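Chain by chain, the residues run as shown.
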Amino acid sequence: MTTQNTTIPTGDNRLLEETRSTKKVGWLERTVGTDLYRILKGMVKTPTSVIGMILIFIFILIAIFAPVIAPPVGNDPYKMPRDGFMGEPQAPGSPWTRNVPEIPFWYKAVTGNEEWVHLLGTAQGQYDIFYGVIWGTRTAFQTGFIVVIATVLIGIIMGSIAAYYGGGVDNIIMRITDIFMTLPYIMMALIFSAVLTPILGRSLLPPMIAMITFGWMGYARIIRSDILSIKERDYVLAAKASGLKNGRILFKHILPNAIYPTLVLATLGFGDVVLSFAALSFLGIGTEIGYADWGQILSFARNWITSLDRYWYIVVYPGLTLTMFVLGWNLIGDTLRDVLDPRMRGKI
Amino acid sequence: MTNYIIRRLLLVPLLLFGVTIVIFGMLQLLGPVERSALYIKDFPKNDKQVQAVIKQYGLDQPFYVQYWRWLTGVVDPVTGERDGGILYGDFGYSRTASQPVIDIVRERFPNTVDLALWTIYPMLSIGIWMGVQAAVNQNKFFDQAARVYSIVGTSFPTFVFGLLLLMLLYAKAGWFMPGKQSNWVTALIYSGELKQYTHLLTIDAILNLRFDVLWDALRHMIMPIITLSYINWATFVRVTRSSMLETLRQDYVVTARAKGLKEKDVINNHARPNAMLPVVTLAGSSIVGLLGGVVITETVFNYPGIGKAAADAAAQLDVVTILGLAIFTGTILIITNLIVDVIYAFIDPRVRLT
């Protein structure tokens, strides 16, 4: 190794120093591999991504411990418990009379109250906002994971088929992508979920299917362009020369090397997916009324815009939660992009 | 150039065909009875009549037959009247709004255009200005603030931002209001005192020299304008900044500085024009987005544009209406995209060759 380095006659000395320095390879780097190690190191070293990770970590904890934080009332924990049928929203700290949940162990220590009160107030129809926020975290993770994984999978399949086979196949697939990209995303997702709702009923499914149908194009484009550049490498030629089948070359040799940018885009996408999902529920599409879902609590606010100064809590609490969630993912995604593509560091 | 335009024009029918196929495919998920709203106003209750309607309009025919009928409509053999046919501008009948879908478009689209017109200027000018300033003051306070803003801005959901605006500026302060116009303006329009030359309220107000009407319209529009600008600025800052930084590193900028030009001239006359190319692309797609119906913003502020119409119809599961609106916006988007692409090819000659 050292002899090789010293044979470099001229050039950037700094670069030479760096290559020559005997860097110690820690156990972590050895176990996870150099690429992943570099990414992890970059993530931990950037303050913004640390903030993002802390935010997401808090949300993960909330999602896992939802039954402890807000003990379920009734059979379906995802239904926000309601304290009667009064139309007007009730302020935070108002007493809870009907459907009172059990008091969890942390409750007295944190709030100082003996009895359950509506910690964050209630929305219209006396749905408890605190429950909506806590259990809504689970809804957010569920929809986010399913939609992101499904869109990435479809994107990878479409993009890699287009790139690998090229020619007519490529042309057809990419024109289909163009057509889907012409249509405005939120509007099409809205429309398709409205079409699906009478067929599937009001649930998480219609908006999720709609978002998957109109969300895969970005991934397909990225993976296609990455595969196109990798396809020409020598090792792919070598694999072809050794008589491997197309599918094997694509999945074993090309995809693993082309997939990183798509994965980054997917993390960035997680926040966006949750955001769009909340937007759809805000517009009145998706789950049945009373389902713990941030967008839906916010949609209640639409009926009270003349007196939002009095009922600020129906906007501020779920709104803040949603914003923090999306912000967390965006902070992580932003750093990931910098780490994976050092040329872009500080530019975006 | 001509070559490029021709190639680009050839793409238009393909895109239109694709968009209509996607939307028609969605329609096919409905039952034949619901689909009859494409051709007739009210569907009969009687089972026999329902079957007759299905037969008359061929709602049980194969996909391609129905698709063709959907495009061209069905001519009544006796009266010679044409029912349906989106090529003839008949997008079906909206059962929730009790009017033909094309009338909804006619009523609502001018409002969307009006809002877009007033949003474009603040969106572009301030967004680009912030991006340039951030790049010029790289790593200083303004730059850091702009970068934080561009991340927070993209994370802040439109409807949360809108609701907060409503809370502060409408419910609390009472300066601006949601909706489109006050009641007295509506009365003025109905009485015919305010002549509607363009159906864009603000433009009509100016043409009628009624500045009180203009002020009223702007008071209703200002919150959607702020919201739309706010979200778009975040992206504009990002793109302008990175493009500007790239340009400032070029040799010719160094040359300009070495010649002893003032820094202001270097930035404004040498660097900025060349840094604008990616920004033009973004501006194009943002404007296209504004015209394509800003569903969420219009819904939050109760602004009666195309997006609000689509959201209302969707919430009531009126599929024929929303798909009609989708066809319309899809067409508008394809046309505006075409215009943007051609303009871009004029600005950046490299595009013509690809």
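Above this text sits the structure in question.
Conventions used here
- Residues numbered from 1 in each chain as written.
- Chains lettered and ligands numbered in written order.
- Predicted model: local features only at pLDDT ≥ 70, side-chain atom pairs only at ≥ 80, totals over all residues.
- Helix = DSSP H or I, 4+ residues; strand = E, 2+ residues; numbered from the N terminus.
- Buried ≥ 20, exposed ≤ 12 C-beta atoms within 10 Å, placed from the backbone.
- Contact = placed C-beta atoms within 7 Å.
- Core = buried A, V, L, I, M, F, W, Y, C linked by C-beta atoms within 7 Å.
- Nonpolar A, V, L, I, M, F, W, Y, C, P; charged D, E, K, R; others polar.
- Expected span 1.5 Å × (residues − 1).

Engineer: Sorry if this is basic, but what is going on with the overall build of chain A here?
Structural biologist: Summing up its helical and strand segments, chain A has 17 helices and two strands in all. For chain A, the C-alpha atoms occupy an extent of roughly 80 × 50 × 35 Å along the three principal directions. By the burial criterion, 43% of the 348 residues in chain A qualify as buried. Within chain A, contacts between residues at least 6 apart in sequence are counted, and of these 71% link residues at least 24 apart.

Engineer: Which parts of the structure should I look at to understand the nonpolar core?
Structural biologist: Within soluble globular proteins, side chains that are nonpolar tend to cluster in buried spots. Among the nonpolar cores identified, the biggest contains 182 residues, and Leu190(A), Ile191(A) and Ala310(B) are the most heavily contacted of them. Residues in contact with Leu190(A), not counting those within four places in the same chain, are Leu280(A), Leu283(A), Ile285(A), Val295(B), Ala310(B), Ala311(B) and Ala314(B).

Engineer: Help me understand the interface of chain A and chain B in this model?
Structural biologist: Counting residues at the interface gives 44 residues for chain A and 47 residues for chain B. Elements represented by at least two residues in the side of chain A that touches chain B include exactly helix 9 (167-182), helix 10 (185-200), helix 15 (260-282) and helix 17 (313-340) of chain A. The element best represented in the side of chain A that touches chain B is helix 10 of chain A, accounting for 11 residues. Each residue belonging to the side of chain A that touches chain B can be placed in one class, and the counts come to 30 nonpolar, nine polar and five charged.

Engineer: Looking at this model, I keep getting lost on helix 9 of chain A. Mind explaining?
Structural biologist: Spacing of three or four residues puts side chains on the same side of an α-helix, whose turn is 3.6 residues. Compared with an ideal rise of 1.5 Å per residue, which puts 16 residues at 22 Å, helix 9 of chain A spans 22 Å between its outermost C-alpha atoms and is within 8% of the ideal. In the core, the buried residues of helix 9 of chain A are packed alongside helix 12 (217-231) of chain A together with helix 1 (2-27) and helix 15 (319-347) of chain B.

Engineer: Where do I start with unusual backbone geometry in this structure?
Structural biologist: Note on backbone geometry: most residues besides glycine have negative phi, and most peptide bonds are trans. Residue and element names in this part refer to chain B. Backbone geometry at His199 places phi at a positive 70 degrees, although glycine is not the residue there. Of note, His199 is situated in the loop between helix 8 (183-190) and helix 9 (201-207). Exposure remark for His199: the 15 C-beta atoms within 10 Å place this residue in the partly exposed category. A positive phi is found at Leu209, a non-glycine position, where the angle reads about 55 degrees. By secondary structure assignment, the location of Leu209 is in the loop between helix 9 and helix 10 (211-248).

Note that every value here comes from positions in space, so none of it alone points to a role or purpose.
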